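Observations on the model geometry
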Amino acid sequence: MRAIQITEFGGPEVLVPTELPEPEPGQGELLVDVALSGVNFADTHQAENSYLAPSTLPMVPGGEVAGRTSDGRRVVALLNGGGGYAERAVADPNLAYDIPDGVSDAAALALIVQGASAWLLLRRTTRISPGESVVVHAAGGGVGTLAVQLAKQFGAGRVIAVASTEEKRKLALELGADAVVDSAAPDMTAALIEANHGRRVDIVLDMVGGRVTDESVRALAPFGRLGFYGMASRELPSPVKLPNLMRFSVTVGGMWLPHAFLLPGDVVGQAMNELFTMVAEGSLRPVLGETYPLSEARRAHEDLRARGTVGKLTLDPSA
């Protein structure tokens with residue numbers, strides 16, 4: 001089968017098209033004939049071995065696929081240990097979800113990581129309450145475009161979208177944001193407070209890191225919460241000083257999607273059911289970015305790292 005393999009860690013240049021034997025499913029596992037593979041920002045960290053979970057070589061990257069099983073089911077699935085950048089992949093049935101009619105493969109891929117992450121950040125990490133203000137950094141990305149809409153669906157009083165280009169800020173407004181901020185603002189604290197009519201903000205969803213995180217924490221109102229779920233800038237924020245959290249009555253929490261599967265009650269399944277229903281009904285719009293041929297996975301990573309993409313990126317193994 002055709003696949004992308006990494007044999008040395010590095011940047012996008014290490015993603016090499018190759019031919020590999022088809023994976024063999026173990027007992028109870030699903031073999032998925034891949035229609036589309038999802039591309040996530042975490043994949044760029046995996047390629048350079050800077051992700052939360054260490055990578056091992058050689059490897060086929062990619063943590064999510066949409067396609068059909070041998071019995072004809074159309075599924076979207078998370079993959080243990082990668083393997084998604086290929087024509088076929090093996091999935092744990094507990095991490096596979098049937099795609100309902102009215103939801104495309106690409107839309108399902110936008111939901112299984114980015115949609116579930118946005119849902120968890122708002123429902124569990126920051127526990128949004130009706131009327132609260134919500135800041136969404138990287139609002140033009142896969143998580144961001146969905147988080148802007150979900151914040152509104154969940155009752156946010158004011159949604160402030162932060163994005164790097166005029167095009168992305170315009171899209172955020174179309175998706176329901178009440179105000180937009182340029183991600184290059186020299187003082188993010190002041191910019192967020194100004195965008196919230198001079199008031200500090202209740203919730204910040206942040207995957208940028210560095211000074212953006214530091215200045216976003218300083219923009220929080222008493223009992224405000226920041227949900228940290230990535231570090232796209234590859235710059236560490238300043239260490240959080242616990243006495244300052246008490247002094248200003250603010251909370252900083254983290255979210256990594258794999259931990260959600262440890263929660264009782266199939267929380268991710270609950271999120272997926274709710275997201276699928278919203279998409280099928282038309283109340284949630286996954287923003288679908290470019291679909292690249294599998295052989296151009298390197299270009300997908302280059303575009304993603306250059307912040308030149310909007311919405312969900314996918315790879316087509318048949319192209």
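Scroll up a little and you will see the structure.
Note that this is a predicted model, so its numbers are computed, not measured. (Residues numbered from 1 in each chain as written. Predicted model: local features only at pLDDT ≥ 70, side-chain atom pairs only at ≥ 80, totals over all residues. Heavy atoms only, no water.)

Turning our attention to the pairing of strand 10 (residues 179–182). Only one face of strand 10 is buried, namely the one carrying Ala179 and Val181, since none of Val180 and Asp182 on the opposite face is buried. Inspection of the sheet shows strand 9 (residues 158–163) paired to strand 10 by four bridges, in the parallel sense. Paired with Val162 across the bridge in strand 10 is Val181. In this fold, strand 9 hands off to helix 4 (residues 166–174), which returns the chain to strand 10; that crossover is right-handed. (Buried < 20%, exposed > 50% of the residue type's maximum accessible area, 1.4 Å probe, protein only. Helix = DSSP H or I, 4+ residues; strand = E, 2+ residues; numbered from the N terminus. Pairing = 2+ DSSP bridges. Right-handed = clockwise from strand over helix to strand, strands pointing away.)

What follows deals with the pairing of strand 15 (residues 312–316). By the criterion of burial, strand 15 is predominantly enclosed, with five of the five residues buried. Taking every second residue as pointing to the same face, both faces of strand 15 are buried, with Lys312, Thr314 and Asp316 on one and Leu313 and Leu315 on the other. Pairing of strand 3 (residues 30–39) with strand 15 involves three bridges; the strand directions are antiparallel. The residue of strand 15 that forms the bridge with Ser37 is Leu315. Across four bridges, strand 14 (residues 288–293) lies against strand 15 in parallel orientation. Paired with Tyr292 across the bridge in strand 15 is Leu315. As for the winding sense of the linkage, the β-α-β connection from strand 14 through helix 9 (residues 297–305) to strand 15 is right-handed.

Moving on, we get to the packing of aromatic side chains. Summed over all chains, the structure comprises one aromatic pair. An angle of 75° between the planes, with centres 5.9 Å apart, marks the rings of Tyr51 and Trp256 as edge-to-face. Taken together, the residues span a long stretch of sequence, with Tyr51 in the loop between helix 1 (41–47) and strand 4 (64–69) and Trp256 in the loop between strand 13 (251–254) and helix 8 (267–281) at a distance of 205 residues. Here Tyr51 falls in the partly exposed class, since its relative accessible area comes to 31%. Residue classification places Trp256 among the partly exposed residues on the basis of a relative accessible area of 24%. If you follow Arg123 out to its NZ or CZ, it ends over the ring of Phe154, 3.7 Å from the centre. (Phe/Tyr/Trp six-rings, centres within 6.5 Å; stacked < 30°, edge-to-face > 60°. Lys NZ or Arg CZ within 6 Å of the ring centre and 35° of its normal.)

Don't take any of this as a statement about function, it's just geometry.
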